[in-house]
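A closer look at the structure
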Amino acid sequence: MHCGLFFFLRRHYPGRRGRGHSGLHKCNSRTSARALRRHRKSRKEGRVNLPALRNLGAEEMSSQKYDCIVIGAGIQGSYTAYHLAKNNRKTLLIEQFALPHARGSSHGQTRIIRKAYEEDFYFHMMEESYLLWSHMEAESGVQLYRQTGLLVTGPEKSRDFQGMKEALELNRVPSVVLAPEEFPQHIPHFKLGDGHGAVVDTTAGVLYADRALKAVQGAFQKLGGVIKDGEKVSGITPGSEVTVTTASGAHKAASLVITAGPWANAVLSHVGLQLPLQVQKINVCYWREKVPGTYSVSRRFPCFIQLPSEMEKTDIYGLPSNEYPGLMKVCYHAGSETDPDQRDKQTDRGDVAILSSYISRHLPGLESVPAVVESCMYTVTPDHHFVLDRHPMHSNIIIGAGFSGHGFKFGPVVGKVLCELSLGRPPSHDLSPFKLQRFQNFLKSTL
Ligand SMILES: Cc1cc2nc3c(=O)[nH]c(=O)nc-3n(C[C@H](O)[C@H](O)[C@H](O)COP(=O)(O)OP(=O)(O)OC[C@H]3O[C@@H](n4cnc5c(N)ncnc54)[C@H](O)[C@@H]3O)c2cc1C
Ligand SMILES: O=C(O)[C@@H]1CCCCN1
């Protein structure tokens, strides 16, 4: 994949000089007293004086001081905010869109959860994540996970397949290797590729994503956390106290966590940082079952990941039919580059053609034309690993980004470690694979 992107640090922040900001946080007491008088007068006269109201908002908000502000109420930001509140920190979660919304990466009904990872660090994080998801189920009283198992299939001799099989074994993940002759009786209506191996991670399943996001945000609010949605962050002034500016005013906190998903670089530009991230629009395709129920969750059809092969160079994955009756989700694990604010202008459907061909060959019980196509976005790093780190120059600014199309299942643990970084505590997982430092080769100074 080509990432013509870069990472740079700026020594000076325009915000420090008061440029590039609305200047609202600089509003002094005399101007705000005047604004207050103007506003009261207008109210008496039945007029709505918008500039006065805006100034008033700024004054009120700048007096609100938080322990931590989290930018972005996707799964990572919401879980971070939840952990902060659980640690008795006065926390503000800011979201640019009115919640719930479908314009980032965390919407939609389902995601895969699995322990099947080649890398040990992900496996260890997933062990804790499962536990924390079950705590959230108990806390919210909502079912968030359904076990279905996950079929991993691909060229038997490929490094990817062997790596996955060995990792499952090494980490003692309950799993079953299926020989080609016994495969159809275990997983009917799925044609295994010639020379392809099959292994099932039986711990895997489906996370109910929309429900999960709502549950986490609800739990955060129950702990006293504040969510301000429909408020886009337009400026950040770093310092021992960080000021975050939105159209309605300025918010201050001792620390800041940035979890802005596809908008990570837009938000990070306010703190002089650009990461090598590529935003991709994903066509989320649902395919109609010829006989309703063939691939349904209630018949215990598993999720699957088809590893790259001669025919398909990128992973293809599927989830049993569940959210839309009679439709099974099967998608391509890559998309075309997009600007997150112009997502719907990206209309490339090359992946749909690849999926149609795959479905005709491997999933004969599905019609090979998609019945529903929705949109979602990946924010992809060059190595497909996450970014979980501190800002190199401002240790009270924490960054969670680049979840590369596989971050949802990690939400509870990502939130926990971002919270730990923000509190200055040692993180409970090895974060060395997620350091900004690894992008040094992309480093470009603007000086
Ligand atoms: C089609 C698809 C399938 C996937 N499948 C899986 C899967 O099976 N399993 C899995 O584990 N993961 C999966 N993922 C990945 C997973 O969904 C993402 O990694 C995860 O949702 C990323 O969450 P996030 O919080 O980083 O980003 P987001 O959900 O995008 O949240 C970022 C938020 O920040 C807000 N924001 C941005 N800029 C500002 C600003 N200036 N001011 C205020 N708010 C702002 C945005 O509006 C957004 O709400 C999939 C993703 C997609 C798209
Ligand atoms: O995170 C996951 O488990 C899946 C794997 C397939 C591609 C989409 N994400």
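Residues numbered from 1 in each chain as written. Chains lettered and ligands numbered in written order. Predicted model: local features only at pLDDT ≥ 70, side-chain atom pairs only at ≥ 80, totals over all residues. Heavy atoms only, no water.

Take the site of ligand 2 next. All residues in the neighbourhood of ligand 2 are listed as Ile112, Arg114, Ile305, Tyr317, His333, Tyr378, Gly405, His406 and Lys409. Between ligand 2 and Gly405, the relevant distance is 2.9 Å, taken from a nitrogen atom to a main-chain nitrogen or oxygen of the residue. The side chain of Lys409 places a nitrogen or oxygen atom 2.4 Å from an oxygen atom of ligand 2. Bound to the protein, ligand 2 loses 93% of the 260 Å² it would expose on its own. In terms of residue class, the shell around ligand 2 is made up of four nonpolar, three polar and two charged. Counting only domains with at least three residues in the shell around ligand 2, you end up with domain 1 (14–41 + 50–103 + 211–277 + 384–442) and domain 2 (150–202 + 278–380). (Near = heavy atom within 4 Å. Polar contact = N/O pair within 3.5 Å; in protein donor to acceptor, adjacent residues only side chain to side chain. Areas by Shrake-Rupley, 256 points an atom, 1.4 Å probe, with all protein chains shown as cover. Nonpolar A, V, L, I, M, F, W, Y, C, P; charged D, E, K, R; others polar. Domains from an automatic or database assignment.)

Let's shift gears to the environment of Val244. Within the secondary structure layout, Val244 lies in strand β11 (residues 242–246). Along the sequence, Val244 and Val233 sit eleven residues apart, while their C-alpha atoms lie 6.7 Å from each other. Once residues lying within four places of it in the same chain are set aside, the contact partners of Val244 are Ile69, Ile71, Ile94, Val233, Gly235, Gly249, Ala250, His251 and Leu256. (Helix = DSSP H or I, 4+ residues; strand = E, 2+ residues; numbered from the N terminus. Contact = heavy atoms within 4.5 Å.)

If you check the shell around ligand 1, you find 37 residues, and the closest are Glu95, His101, Ser106, Ile112 and Cys376. Within the backbone of Ile75, a nitrogen or oxygen atom sits 3.3 Å from an oxygen atom of ligand 1. Take Ile112: an N or O atom from its main chain is 2.7 Å from an oxygen atom of ligand 1. Summarising the interface, the protein chains cover 97% of the accessible area of ligand 1, which totals 1000 Å² for the free molecule. Elements with a contribution of two residues or more to the shell around ligand 1: α3 (75–86), β3 (110–113), β13 (278–289) and β18 (366–380). Of the residues contributing to the shell around ligand 1, the split by class is 19 nonpolar, 13 polar and five charged. Formed jointly, the shell around ligand 1 draws a minimum of three residues from each of two domains, domain 1 (14–41 + 50–103 + 211–277 + 384–442) and domain 2 (150–202 + 278–380).

Before going further, it helps to spend a moment on the side chain of Lys329. Along the chain, the position of Lys329 falls in strand β16 (residues 327–332). In this structure, Lys329 is buried with no salt-bridge partner, the nearest side chain bearing the opposite charge being Glu323 at 4.0 Å. For Lys329, the side chain forms a polar contact with the main-chain oxygen of Thr110, separated by 3.1 Å. Excluding residues within four positions of it along the chain, Lys329 makes contact with Thr110, Arg111, Val284, Cys285, Tyr286, Tyr317, Gly318, Leu319 and Glu323. (Buried < 20%, exposed > 50% of the residue type's maximum accessible area, 1.4 Å probe, protein only. Lys, Arg positive; Asp, Glu negative; His and termini not counted. Salt bridge = Lys/Arg side-chain N within 4 Å of Asp/Glu carboxyl O.)

Under the defined criterion, the tally for this structure stands at 20 aromatic pairs. Ring geometry for Phe304 against Tyr358: centres 6.3 Å apart, planes inclined by 20°, an arrangement best described as stacked. Remark: Tyr358 occurs in helix α9 (residues 350–362) and Phe304 occurs in strand β14 (residues 303–306); sequence separation between them is 54 residues. Assigned by exposure class, Phe304 and Tyr358 land together as buried. Put simply, the rings of Tyr117, Phe121, Tyr122, Phe386, Phe403, Phe410 and Phe434 touch in pairs and so form one group of aromatic residues. One cation-aromatic arrangement involves Arg211 over Tyr208; the distance from NZ or CZ to the ring centre is 4.5 Å. (Phe/Tyr/Trp six-rings, centres within 6.5 Å; stacked < 30°, edge-to-face > 60°. Lys NZ or Arg CZ within 6 Å of the ring centre and 35° of its normal.)

What follows deals with the environment of Gln162. With respect to the element layout, Gln162 can be found in helix α5 (residues 159–170). Accessibility expressed as a relative area gives 24% for Gln162, which makes it partly exposed. Residues Gln162 and Gly197, spaced 35 residues apart in sequence, show a C-alpha to C-alpha distance of 9.0 Å. Residues contacting Gln162, with those up to four places away along its chain left out, are Glu156 and Lys157. At a separation of 2.7 Å, a polar atom in the side chain of Gln162 contacts the main-chain carbonyl oxygen of Glu156.

Next up on the list: the pattern of salt bridges. All chains considered together, the criterion is met by eleven salt bridges. Between Lys435 and Asp389 there is a salt bridge; the shortest N-O distance is 3.8 Å. Of this pair, Lys435 sits in the segment after α10 (411–423) while Asp389 sits in strand β19 (residues 387–390), placing them 46 residues apart in sequence. Taken together, the shared-partner salt bridges in this structure form one network comprising Arg103, Arg343 and Asp344.

Further remarks concern the confidence of the model for the chain. The share of residues in the chain with pLDDT of 70 or more is 85%, and the mean pLDDT across the chain is 88. Between residues 1–61, whose pLDDT stays under 50, and residues either more than four places distant or in other chains, the model counts 95 contacts. In the model, residues 443–447 has pLDDT below 50 throughout and makes nine contacts with residues more than four positions away in sequence or in other chains. (pLDDT = per-residue confidence, 0-100.)

Let us now look at the nonpolar core. Membership of the largest hydrophobic core comes to 70 residues, with the highest contact counts inside it found for Trp133, Leu150, Phe386, Leu388 and Phe410. Take this core: its biggest share by element is eight residues, from helix α4 (residues 120–140). Viewed by domain, this core spans two of them, domain 1 (14–41 + 50–103 + 211–277 + 384–442) and domain 2 (150–202 + 278–380), each represented by three or more residues. Each residue touching Trp133, except ones within four places of it in the same chain, is listed here: Ile75, Tyr79, Ile113, Leu144, Leu207, Ala212, Phe408, Lys409 and Pro412. Counting 29 residues, the second largest nonpolar core, distinct from the first, contains Ile71, Val244, Val267 and Leu268. (Core = buried A, V, L, I, M, F, W, Y, C linked by side-chain atoms within 4.5 Å.)

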